[in-house]
Amino acid sequence: MKRALSAILAICSAFFVVWSLTALFTRPPILNSANYFPLALHNSWTHLVIFSGDYLYYMTETVIEDDMPLLEERSYVVAEEYEPLTAASPEAKSTVAYFHKDGFLNRYPWLDSDGERVWDTKLGEGAERILPSPYRGKTSWQLGMQTNAWPLNGGQTMTASANAWIDPEEIRVPAGVFHHCLRVETTSANQYVDPKHEAKGYRLHHVEWYAEGVGLVRAISSEGEGTPIKSVTELVWYNVQQ
């Protein structure tokens, strides 16, 4: 009996030693650090954007600066040019900045540029968290912004909640077929005061798909499930460096 007990203890001790060495020297699983929005100077994307009301554009985004100081962070400035494709579509352009902070890629929409310089318009406050960076698994977050641009008598406030996860469905757009995209769903509540000084509000629902090493490949916006689609964005062409 004693010999049998000693043998069992010896086997258990050997198993414990092997388990300990395995735990000590086995590398932990590598978390996903894929880049779903590669930002580098001169990176460029062209999307086909369809808005309700017969508004149709090619929107080309180009990184024009990669070292602008903004909110104590290094930011990438992106110029957005809208090429009208229908007579009803007015010409438009905008300038935004992206920066990494607190585990997220953030978007600052309050800039303007003239081809030579970039400046802050001060037309709003806050930055929008676009997506987790690096992505380390299904993520949820809150965000909020204040704009003074419209309406002129008080602006409006936006609060939102967002979720991100890897979508198993393939995404087909003019630029190609993309797999295992990062899907970001955002639901926002917008509040403002109209010219009659009455409180108004509306809700928006955005779904965006970002492909690894590419960026935004598709986006859909509406006022929620069962409502008409307000806009569809699809990637047509891209030229990016990591």
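For the structure, check the block above.
Residues numbered from 1 in each chain as written. Predicted model: local features only at pLDDT ≥ 70, side-chain atom pairs only at ≥ 80, totals over all residues. Heavy atoms only, no water.

How should unusual backbone geometry be read in this particular structure?
The amide bond that connects Ser-133 to the next residue, Pro-134, takes the cis arrangement and shows omega of 0 degrees. Relative to the helices and strands, Pro-134 is located in the loop between strand S8 (128-132) and strand S9 (139-147). At Glu-72, a residue that is not glycine, the phi angle is positive and equals roughly 65 degrees. With respect to the secondary-structure elements, Glu-72 resides in the loop between strand S2 (55-70) and strand S3 (73-84). The exposure class of Glu-72 is exposed, given its relative accessible area of 78%. Even without being glycine, Asp-102 reaches a positive phi, approximately 55 degrees. (Helix = DSSP H or I, 4+ residues; strand = E, 2+ residues; numbered from the N terminus. Buried < 20%, exposed > 50% of the residue type's maximum accessible area, 1.4 Å probe, protein only.)

Would you take a moment to explain the pairing of S3 for this structure?
On a regular strand, each side chain points to the face opposite its neighbour's, so the side chains alternate between the two faces of the sheet. Across 11 bridges, the pairing between S2 and S3 is antiparallel. Looking at S3, one finds that Met-68 is bridged to Ser-75. Linking S2 back to S3 in an antiparallel pair, the connection comprises 2 residues, with Leu-71 at a positive phi of about 50 degrees. Pairing of S3 with strand S4 (residues 92-101), which is carried by 7 bridges, proceeds in the antiparallel orientation. Its bridge partner being in S4, Glu-81 is matched across the sheet by Lys-93. (Pairing = 2+ DSSP bridges.)

Read these as geometric descriptors, not functional statements.
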